[in-house]
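A structural walkthrough
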Amino acid sequence: MEQTLIQVEDAPSNQVRLEDVQLDITFEQLKRLVSPRALTGETMLLNMGPQHPSTHGVLRLLLELDGETIVNCIPDIGYLHTGIEKTAESKTYLKAIPLTDRTDYLAPMSNNLAFCGAVEKLVGIEVPLRAQYLRVILMELTRMNSHLVWLGTHALDIGAMSVFLYCMREREMILDIYEAVSGARMMSSYIRPGGLWRDVPAHFPQLVQRVLDVFPARLLEYEKLLKENPMWKERTVGVGKISAEDAIAWGMTGPCLRGSGVNYDVRKAQPYSSYDHFEFSVPVGSAGDVYDRYLCRMEEFHQSLKIIRQAMAKLPPGPVMTDDRKVAPPPKHEIAYSMESLIHHFKLWTEGFKAPEGEVYFAVESGKGEYGVLLSGDGSSKPRRVHFRAPSFHNLQPISQISKGALLADIVAIIGSIDIVLGDVDR
Amino acid sequence: MVKLVSQPICPVADTRDLPQALRQALSDKISEVVVFRDEVTLVVPREHIIEVLTHLRDVQQFNMLTDETCVDYYPREPRFGILYQLYSLPRNLRLRVKVMLSEYDPKMPTAVGVYRNANWLEREIYDLFGIHFEGHPDLRRILLPANWQGHPLRKEVPVAVEENAFSFNRARIDAQKPYATE
Amino acid sequence: MGLEQKLGNMGVVTTSLEKAIGWARANAIWPLLFGLACCAIEMMSAQASRYDLSRFGMELMRASPRQSDLMIVAGRVSRKMAPVLRNLYDQMPDPKWVIAMGDCASCGGVFNNYAIVQGVDEIVPVDVYVAGCPPRPETLIDGILKLQAKIKQEPLTKWQ
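These numbers were taken from a predicted model, which means no experiment stands behind them.

**Details of the overall build of chain B**
- Assigned secondary structure in chain B consists of four helices and eight strands.
- Its helices and strands in sequence order give chain B the pattern β-α-β-β-α-β-β-β-β-α-β-α, from N to C terminus.
- Relative to the globule expectation of 16 Å for 182 residues, the C-alpha radius of gyration of chain B, 21 Å, shows a markedly less compact shape.
- Each of the three principal axes of chain B carries a C-alpha extent, and together these read 65 × 50 × 35 Å.
- A burial count over chain B gives 49% of its 182 residues as buried.
- Taking the intrachain contacts of chain B between residues at least 6 apart in sequence as the baseline, contacts between residues at least 24 apart amount to 51%.
- On chain B, roughly 8,900 Å² of surface is accessible, and the fraction owed to carbon and sulfur atoms is 51%.
- With 23 positive and 25 negative side-chain charges, chain B shows a spacing of 3 Å between the two charge centroids.

**Here we look at the confidence of the model for chain A**
- Averaged over every residue, the pLDDT of chain A is 86; the share at 70 or more is 94%.
- Scored below 50 in pLDDT, residues 1–21 of chain A shows 26 contacts in the model against residues more than four places distant or in partner chains.

**Here's the deal with the environment of E47 of chain B**
- Note on placement: E47 of chain B falls in the loop between β3 (39–43) and α2 (49–58).
- For the pair E47 of chain B and P109 of chain B, spaced 62 residues apart in sequence, the C-alpha separation works out to 8.1 Å.

**Describing the layout of surface pockets**
- Approximately 1,000 Å³ is the volume found for the second largest pocket.
- In this structure, the second largest pocket is lined by 33 residues; those nearest its centre are K121, Q270, P271, Y272 and F362 of chain A.
- Those elements giving two or more residues to the lining of the second largest pocket turn out to be α5 (108–123), α6 (129–158) and β7 (357–366) of chain A together with β3 and β6 (93–101) of chain B.
- Residue classes in the lining of the second largest pocket are distributed as 14 nonpolar, nine polar and 10 charged.

**Structural notes on empty space enclosed by the protein**
Residues and elements named next belong to chain C.
- Summed over the entire model, instances satisfying the criterion amount to four cavities of 30 Å³ or more.
- The space that makes up the largest cavity amounts to roughly 70 Å³.
- C38, C39, R76, C104 and C133 are, among the 14 residues lining the largest cavity, the residues nearest its centre.
- When residues of the lining of the largest cavity are traced back to their parent elements, those giving at least two are α3 (38–47) and α5 (102–107).
- Take the lining of the largest cavity: its biggest share by element is three residues, from α5.
- Per-class residue counts for the lining of the largest cavity are eight nonpolar, three polar and three charged.

**Let's talk about helix α4 (residues 82–91) of chain C**
- If you check which residues of α4 of chain C are buried, you get A82, V84, L85, R86, L88 and Y89 of chain C.
- In this structure, the buried side of α4 of chain C is in contact with β1 (70–74) and β2 (97–101) of chain C.

**Examining the side chain of N112 of chain A**
All names here are of chain A.
- As for its position among the elements, N112 is in helix α5.
- N112 gets classed as buried once you look at its relative accessible area, which sits at 0%.
- Those residues within four positions of N112 in sequence are excluded, and the remaining contacts are I97, T100, D101, S188, S189, Y190 and I191.

**Details of the interface of chain C and chain A**
- Listed as interface residues are 33 residues of chain C and, on the opposing side, 38 residues of chain A.
- For the pair chain C and chain A, the summed buried area comes to about 2,900 Å², and 62% of that belongs to carbon and sulfur atoms.
- Between E179 of chain A and R136 of chain C there is a salt bridge, with its nearest N and O atoms 2.7 Å apart.
- Within the residue set of the side of chain C that touches chain A, elements represented by two or more residues are α3 and α4 of chain C.
- Top contributing element to the side of chain C that touches chain A by residue count: α3 of chain C, with five residues.

**Re the sheet that holds strand β3 (residues 69–76) of chain A**
Residues and elements named next belong to chain A.
- Across the sheet, three strands lie side by side as β1-β2-β3; this open sheet has antiparallel pairing. Both edges of this open sheet fall to β1 (44–48) and β3, since each of them pairs with a single strand only. Looking at each pair of strands side by side, their axes are set apart by 20 degrees on average, direction ignored.
- Pairing of β1 with strand β2 (residues 60–66) involves five bridges; the strand directions are antiparallel. Within β2, the position partnered with N47 by the bridge is L62.
- Contacting β1, β2 and β3, helix α18 (residues 408–418) crosses the sheet at an angle of about 150 degrees to β2.

**Things to note about the interface of chain B and chain A**
- Between chain B and chain A, the contact holds 58 residues from the first and 70 residues from the second.
- Between chain B and chain A lies a buried interface of about 5,400 Å² when both sides are counted; carbon and sulfur atoms form 55% of it.
- The interface formed by chain B and chain A includes seven salt bridges.
- Salt-bridge contacts for R116 of chain B lead to D246 of chain A; the nearest nitrogen and oxygen are separated by 3.1 Å.
- Remark: the boundary between chain B and chain A carries 33 residue pairs in polar contact (both at pLDDT 80 or more).
- Of all the secondary-structure elements, those providing two or more residues to the side of chain B that touches chain A are β1 (3–5), β4 (64–72), β5 (80–88), β6 and α3 (118–129) of chain B.
- Per-element accounting of the side of chain B that touches chain A gives the leading share, nine residues, to β4 of chain B.

**Some points on the pairing of β3 of chain A**
- Along β3 of chain A, seven of the eight residues are buried, which leaves the element largely enclosed by surrounding structure.
- From the end of β2 of chain A to the start of β3 of chain A, which pair antiparallel, there are two residues, and G67 of chain A there has a positive phi angle of about 65 degrees.

**A short note on the pairing of β4 of chain B**
All names here are of chain B.
- Buried residues dominate β4, accounting for nine of its nine residues.
- Pairing of β4 with β5, which is carried by eight bridges, proceeds in the antiparallel orientation. The residue bridging T69 from the neighbouring strand is L83, located in β5.

**Brief notes about the state of the cysteines**
Residues and elements named next belong to chain C.
- Taken as a whole and judged by the stated rule, the model has zero disulfides over all chains.
- No disulfide involves C38; its sulfur sits 6.0 Å from that of C39, the nearest cysteine.
- C104 supplies the cysteine sulfur nearest to C107, a cysteine that is in no disulfide, at a spacing of 7.8 Å.
- Residue classification places C107 among the partly exposed residues on the basis of a relative accessible area of 45%.

**Section: the domain arrangement of chain A**
Residues and elements named next belong to chain A.
- Under the domain assignment, chain A is made up of domain 1 (8–76) and domain 2 (84–323 + 349–426).
- Placing the centre of domain 1 and that of domain 2 at their C-alpha centroids yields a distance of 34 Å.
- Domain 1 puts 19 residues into the contact, and the matching count from domain 2 is 18 residues.
- In total, about 1,500 Å² of surface goes out of reach between domain 1 and domain 2, with carbon and sulfur atoms giving 68% of it.
- The interface formed by domain 1 and domain 2 includes zero salt bridges.
- Joining domain 1 to domain 2, the criterion identifies three residue pairs in polar contact (both at pLDDT 80 or more).
- Counting only elements with at least two residues in the side of domain 1 that touches domain 2, the list comes to β1, β2 and β3.
- When residues in the side of domain 1 that touches domain 2 are grouped by element, the largest group, six residues, is from β3.
- When the residues that make up the side of domain 1 that touches domain 2 are grouped by side-chain class, the tally is 12 nonpolar, six polar and one charged.

Parameters and conventions
Residues numbered from 1 in each chain as written. Chains lettered and ligands numbered in written order. Predicted model: local features only at pLDDT ≥ 70, side-chain atom pairs only at ≥ 80, totals over all residues. Heavy atoms only, no water. Helix = DSSP H or I, 4+ residues; strand = E, 2+ residues; numbered from the N terminus. Rg over C-alpha atoms; globule rule 2.2 N^0.38 Å. Buried < 20%, exposed > 50% of the residue type's maximum accessible area, 1.4 Å probe, protein only. Contact = heavy atoms within 4.5 Å. Areas by Shrake-Rupley, 256 points an atom, 1.4 Å probe, with all protein chains shown as cover. Lys, Arg positive; Asp, Glu negative; His and termini not counted. Charge placed at Lys NZ, Arg CZ, Asp CG, Glu CD. pLDDT = per-residue confidence, 0-100. 1 Å grid on protein atoms, 1.4 Å probe; cavity = no way out; pocket = protein on both sides within 12 Å on 5 of 7 lines; lining within 4 Å. Points joined across faces, edges and corners; volume = space filled by probe spheres on them. Nonpolar A, V, L, I, M, F, W, Y, C, P; charged D, E, K, R; others polar. Buried area = accessible area lost by both parts, 1.4 Å probe. Salt bridge = Lys/Arg side-chain N within 4 Å of Asp/Glu carboxyl O. Pairing = 2+ DSSP bridges. Axes fitted to C-alpha atoms, helices over the stretch in contact; angles between N-to-C directions. Polar contact = N/O pair within 3.5 Å; in protein donor to acceptor, adjacent residues only side chain to side chain. Disulfide = S-S within 2.5 Å. Domains from an automatic or database assignment.

Here it is, written out as structure tokens:
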């Protein structure tokens, strides 16, 4: 590797391929990222994405291949850059919530909670216990929702089609709950600063009970299909390894970090939304490969069900929204006879509530890892800056290290196992 | 193999002693310690930032860079604030480090040498705010196309530019369309 | 079996070439396997167990634009993605159609900002707009059926 770079003029004629690559990058910059062998044409550059069925969206990878072995992997992101952070600066705190749904669109409720938690911390709002418990239930359902899409697409990429169809079937049950509580299948915007938009409908317990009844058997079914499947193990065991030290240094979180054997879960380390009221365990792997990440996520299904079961049993009655009229809209019936409520309602929806000047950071454990919101208020009703600490962004970054030396077919398994959502990476 | 753990590495830590401890350890390198909503923020002058981050990582065990971003405090001067959100796994503590930068000199030493994952985060800040990170191994745009003009998350850039919807000037409409480039 | 029995003694079906080709084209659309954002997840749902798009002869998603004739733009198109999207459209063989799925692809949706193309019709010609953020799978299926009805009526001279 100590070779000096070969000058372009000296290189053999087949090196033109390097300049043909359209990678929003100059030739000089690219030369620093690939190995010197690419300049002589000894290794091959292969473009993967942004339109590729196995990149889980519009991820683009530039792969430098020596035969089938990956020498270098250069990710190129930003194909789904949506400007959500800038748009959120122009909206009041309440109106920025729908934007958060659309960052990690497989786990919209986690994003809602992260943003609302940051706003609650900044303004200093207390959330009623019933709302906290309902948030926990919905968060765990969201985690299962996110993991179901992960399992389905991950298995599909590796070649197990039927798992995808099963996972999407089960996911519909969770989307039914979303629809019952918020009216939308995916973009819920259900969690608001101070609590929830409204109480859950009367048939909510039955819907959740259906999930609790059906899932254990279905999970067994998935595990029967994959867990001891020799082909699955062939593709995943020992593939895409990352050590615990490297995972921490790269800022990985969630099942990717726990698969490497680090016990870090925001729900346990810094409990929010009364997660400390429930008994559950955090699955921690050891090998740090694709298979261990798979095992961690599969175990998280069981833990999520356990939390939901406890939360449903302990769900207290009471309001789901704080009674602080400065941040929470008054109930509809109050507006009919109370002038003050009408004014509050009007002020809240036109001007919004004001947040003090300062910065707060609030993190939740979403399905993919630590989803944090760094919120900077400027004393007005709009944030000065919202920054989403996207778990996918941090988990994707070490892919160049993880995939070094892997086979070309393994990159598909690696992308699937780190479970990225491009809406989250690019925001 | 997966084992089930029911306790975190360290129980939720108390942040009350942290400002005092950091003041003692880094007295000459930090300009201010701010506590807001139980969150501790160190304000550090630009020239000491790498020393402070290295100390925090090696001595104070803040081994994870959770987030790094920039806040535009326009119209204040110094205008930009670079925020490092650190987390310590063994101590279960969060800490924020802040560096204020002038509008006329938006330059920073890179933190890639201390925390590896600062690489993409600094590229993002460079892309969206135009802060230049000196010594960064691969400083180029990450989210926006390479030929993009300006840095959109600065406050002087509007969120969107409304285009004239009913123009009959075909040349002008055509010029705005992002055609494929061969 | 099949057609002869249903036709009884008629034996022969007469129609115009235009109608026959339109019928064939409409019932064998191969969409491009191409997801952008949130709507792509609903597009996946539309193909998966509950909604089962293959009932309408649409299940064969092709990963290569060279083999497909329908592009479902499922999600927001950023300024960086726009040239890529146009490239994909140009690679598709004629005849080809485009569905703008969701508000973002139709008009920019909630993202009226610097990064998002305000409607994919700025880049490629759109045949059917499907509203919703994201549209439910039923809405997408309805949009596809609308497109099928449209294809059946297209004159033969439209595609050279």
